[in-house]
Amino acid sequence: MQNVELEAVLRTPGKNAARKLKEKGYIPAILYGKGMESIPLAVETGKLRTIVQKHGRNVLLNLIVNGATHQAILKDEQKDELTGKLIHIDFQRVSMNEKVEAAVPLKFEGVGVIESKGLLVQHQKWELNVEALPTVIPEEIVVDVSNLEIGDTIFVKDVVVPEGVEKVDDSDEVILTIVAPKNADVEVEESTETASGNE
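Just so it is clear, the model here is predicted, and its values are computed rather than measured.

What follows concerns the nonpolar core. Among the nonpolar cores identified, the biggest contains 26 residues, and Leu 128, Val 145, Ile 154, Ile 175 and Leu 176 are the most heavily contacted of them. For this core, the secondary structure elements donating two or more residues are β7 (100-109), β9 (127-132), β10 (141-144) and β13 (174-179). No other element matches the five residues that β7 contributes to this core. When neighbours within four sequence positions are excluded, Leu 176 is seen to be in contact with Phe 108, Val 121, Gln 122, His 123, Gln 124, Val 145, Leu 148, Asp 152, Thr 153 and Ile 154. Ranked by size, the runner-up nonpolar core spans 19 residues in total, among them Met 36, Leu 41, Val 59 and Leu 74.

What follows concerns the pairing of strand β5 (residues 68-79). Relative to β5, strand β4 (residues 61-65) is paired through five bridges, and the arrangement is antiparallel. Each residue of the ladder has a partner; that of Asn 62, found in β5, is Gln 71. Counted along the chain from β4 to the antiparallel partner β5, the turn is two residues long, and its residue Asn 66 has a positive phi close to 55°. For β5 and strand β6 (residues 86-93), the ladder comprises seven bridges, and the chain directions are antiparallel. Counted as the bridge partner of Leu 74 is Phe 91 from β6.

Let us now look at the environment of Asp 76. Tracing the sequence through the fold places Asp 76 in strand β5. Expressed as a C-alpha distance, the spacing of Asp 76 and Ile 89, which sit 13 residues apart in the sequence, is 6.0 Å. Excluding anything up to four places from it in sequence, Asp 76 contacts Arg 57, His 88, Ile 89 and Asp 90.

A separate point is the pattern of salt bridges. One side chain can pair with another of opposite charge once the charged atoms of both are near each other. This structure, assessed with the given rule, holds 10 salt bridges. Lys 99 is paired through a salt bridge with Glu 166; the nearest N and O atoms lie 2.9 Å apart. On the criterion of sequence distance, the pair formed by Lys 99 in the loop between β6 and β7 and Glu 166 in strand β12 (residues 166-167) is long-range, its members being 67 residues apart. On the accessibility criterion, Glu 166 (40% relative accessible area) is partly exposed. Here Lys 107 and Glu 140 are joined by a salt bridge, their closest N and O atoms 3.9 Å apart. Within this pair, whereas Lys 107 is found in strand β7, its partner Glu 140 is found in the loop between β9 and β10, the two being separated by 33 residues in sequence. Of the residues examined, Lys 107 reaches a relative accessible area of 36% and is grouped as partly exposed. Residues joined in a network through salt bridges with shared partners are Arg 57, Glu 77 and Lys 79.

Roughly 170 Å³ of volume is contained in the largest pocket. Taken together, Leu 48, Arg 49, Val 52, Gln 53, Arg 57, Leu 74, Glu 77, Lys 79 and Leu 86 make up the full set of residues lining the largest pocket. Counting only elements with at least two residues in the lining of the largest pocket, the list comes to α2 (45-55) and β5. Here the lining of the largest pocket takes four residues from α2, the largest share from any one element. Of the residues that constitute the lining of the largest pocket, the class distribution is four nonpolar, one polar and four charged.

Here four strands make up an open sheet; going across it, the order is β10-β7-β9-β12 and the pairing mixed. At either end of the open sheet lies a strand with only one pairing partner, and these are β10 and β12.

Conventions we followed
- Every residue gets a number counted from 1 within its own chain, in the order that chain's sequence is written.
- Residue-level local features of this predicted model are given only where pLDDT is at least 70; pairs of side-chain atoms are given and counted only at 80 or more, and the full residue set underlies all totals for whole chains, interfaces and linings.
- Side-chain numbers here rest on the full set of heavy atoms in the structure, without hydrogens or water.
- Put simply, a nonpolar core is a bunch of buried Ala, Val, Leu, Ile, Met, Phe, Trp, Tyr and Cys residues held in one set by side-chain atoms that sit within 4.5 Å of each other.
- Under the scheme applied here, a residue whose accessible area is under 20% of the maximum for its type counts as buried, over 50% as exposed, and between as partly exposed, the area being computed with a 1.4 Å probe on protein chains only.
- In DSSP terms, a helix is any run of H or I states spanning at least four residues, a strand is any run of E spanning at least two, and both are numbered starting from the N terminus.
- The criterion used for residue contact is that any of the two residues' heavy atoms lie within 4.5 Å.
- In this scheme, strands are said to pair when DSSP sees at least two bridges between them.
- A carboxyl oxygen of Asp or Glu within 4 Å of a side-chain nitrogen of Lys or Arg is what we treat as a salt bridge.
- A pocket here means an open set of points on a 1 Å grid, computed over the protein atoms alone, that has protein on both sides within 12 Å along at least five of seven lines. A cavity is instead a set of points where a 1.4 Å probe fits but cannot get out; residues with an atom within 4 Å of a point line either one.
- Grid points are joined across faces, edges and corners, and a volume is the space filled by probe spheres set on the points.
- Note on residue classes: Ala, Val, Leu, Ile, Met, Phe, Trp, Tyr, Cys and Pro are nonpolar, Asp, Glu, Lys and Arg are charged, and everything else, Gly too, is polar.

So far we have only geometry, and geometry alone does not tell us how the molecule works.
This is the structure in structure tokens:
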């Protein structure tokens, strides 16, 4: 995986400083990691959004801070509960030789096939927590549901992950279940009653 460069500026902690940065198109952030003191930062919101859209949330970054380059990942993000806008980012400095935990989005393929059968995919998890070296963390993990039938369930243990990637979540945790629409039973009952009335 190729490192993507992102420049950051040092910031002064505090609500007033954060507000001024947001007015200039920056988002407050912090960089932390093993053997270092946390560094308050700010990055351009637009540039960060572009990088995530192009490379995924688990992109490996060359975070440039005051002339120094730190290899880092986007560890956590805080969003405004009302607007959904990003309000703070946590970056974690990483070593290429040490595994890190990351939440990887799940991509569900074959949902259209399930829906064509008149069934629904009832999701319980949209991402999988894994542990791996920073260079092998996948952008996404594919889960194929096209061959499932009503009542079938996919657990964490059923999900196939790339070589070098270990699942952190409980193996018996449910990812999804194939179910009938809520009104299906009602429709069946109505059809039965109608048929009985015509006899």
